[in-house]
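# Reading the structure
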Amino acid sequence: MRIVTRLLPAVLWMGAIFYLSARTGDDMGGWLIQFQRFIPFMEGLDWGHFLAYFILSITYAWAFGKHKLNWGHKCIVVLLCTLYGITDEFHQSFVPGRAPDVMDIRNDAIGAALAMLFISIPIIKVPFDRWKGAKYY
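## Some thoughts on the overall build of the protein chain
Each helix and strand counted, the protein chain has seven helices and zero strands in total. When the helices and strands of the protein chain are placed in sequence order, the string is α-α-α-α-α-α-α. Counting only residues that meet the buried cut, the protein chain has 37% of its 137 residues in that class. Residue pairs in contact within the protein chain that sit at least 24 positions apart in sequence constitute 76% of those at least 6 positions apart. Roughly 8500 Å² of accessible area belongs to the protein chain as shown, and the carbon and sulfur atoms make up 74% of that amount.

Next up, the structure:
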């Protein structure tokens, strides 16, 4: 039961990603383009994919529960996010107005990897570990 509780946020977030992927290109609009006005040197980055997989990787990391995350765990999280990104792009191939794009998978992996680096920063790591109930041995 504990593992189901730990995985629930990741599963719910994957459902949100699936829902957004099922939206047509016209439904999505261009609201994420506004971010590029403030950070113009990152124009090639799809902020929607980046942010979605940044959050997904944190939910995966939280699922590890009491286990302290080492770099191996973090690589597994990035791999899981990237694999889900590949299935997301496959899903988008069936949605009118959407098409699979390798650059989206790249943005997914970048978002996941940067999230794992973010939670490795000591000032973030300690509260994150406490929040997820990690024990230091």
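Structure's up, so let's keep going.
## Focus on a nonpolar patch on the surface
A contiguous nonpolar surface patch, about 340 Å² in accessible area, is contributed by Ile-3, Val-4, Leu-7 and Val-11. By secondary structure assignment, the location of Leu-7 is in helix 1 (residues 2-21). Leu-7 gets classed as partly exposed once you look at its relative accessible area, which sits at 34%.

## Side note on helix 7 (residues 122-132)
Given 3.6 residues per helical turn, the α-helix brings residues three or four places apart onto the same face. Turning to helix 7, its buried residues number three or more, namely Lys-125, Phe-128, Asp-129 and Lys-132. In a view along the axis of helix 7, the buried residues occupy a sector of 100°, so they form one face of it. Residues of helix 7 that are exposed and point more than 90 degrees away from the buried face comprise Ile-123, Arg-130 and Trp-131. If you follow the buried residues of helix 7, they end up packed against helix 1 and helix 4 (47-63). Remark: Gly-133 follows helix 7 within two positions and exhibits a positive phi of approximately 85°.

## Re the packing of aromatic side chains
Evaluated as defined, the whole model comprises six aromatic pairs. For the ring pair Tyr-53 and Tyr-84, a centre distance of 6.4 Å and an interplane angle of 45° mean the geometry is tilted. With a gap of 31 residues between them, Tyr-53 in helix 4 and Tyr-84 in helix 5 (residues 71-92) connect regions that are remote in the sequence. For Tyr-53, a relative accessible area of 1% gives the class buried. For the pair Phe-90 and Phe-94, a centre-to-centre distance of 5.1 Å together with 85° between the ring planes defines the contact as edge-to-face. We note that Phe-90, like Phe-94, is exposed.

## Thoughts on the side chain of His-91
Within the fold, His-91 resides in helix 5. Once you skip the residues sitting within four places of it in the chain, His-91 turns out to touch Phe-18, Ser-21 and Ala-22.

## Observations regarding the nonpolar core
Within the largest apolar cluster, 22 residues are counted, with the highest numbers of intra-cluster contacts made by Tyr-53, Leu-56, Tyr-60, Cys-81, Met-116 and Ile-119. For this core, the secondary structure elements donating two or more residues are helix 1, helix 4, helix 5 and helix 6 (102-118). Ranked by the residues each element gives to this core, the list is headed by helix 4, at nine residues. Setting aside residues up to four positions removed in sequence, Tyr-60 forms contacts with Ala-10, Met-14, Val-77, Leu-80 and Cys-81.

## Some details on helix 1
The end-to-end C-alpha separation of helix 1 is 29 Å, in line with the 28 Å expected for 20 residues at 1.5 Å each. Taken together, the buried positions of helix 1 are occupied by Arg-6, Ala-10, Met-14, Ile-17 and Ser-21. Against helix 4, helix 5 and helix 7 lie the buried residues of helix 1.

Definitions and cut-offs
- Residues numbered from 1 in each chain as written.
- Predicted model: local features only at pLDDT ≥ 70, side-chain atom pairs only at ≥ 80, totals over all residues.
- Heavy atoms only, no water.
- Helix = DSSP H or I, 4+ residues; strand = E, 2+ residues; numbered from the N terminus.
- Buried < 20%, exposed > 50% of the residue type's maximum accessible area, 1.4 Å probe, protein only.
- Contact = heavy atoms within 4.5 Å.
- Areas by Shrake-Rupley, 256 points an atom, 1.4 Å probe, with all protein chains shown as cover.
- Patch = residues over 30% accessible without salt bridge, like charges linked within 9 Å, V, L, I, M, F, W, Y side chains within 5 Å.
- Salt bridge = Lys/Arg side-chain N within 4 Å of Asp/Glu carboxyl O.
- Arc of directions from axis to C-beta.
- Phe/Tyr/Trp six-rings, centres within 6.5 Å; stacked < 30°, edge-to-face > 60°.
- Core = buried A, V, L, I, M, F, W, Y, C linked by side-chain atoms within 4.5 Å.
- Expected span 1.5 Å × (residues − 1).

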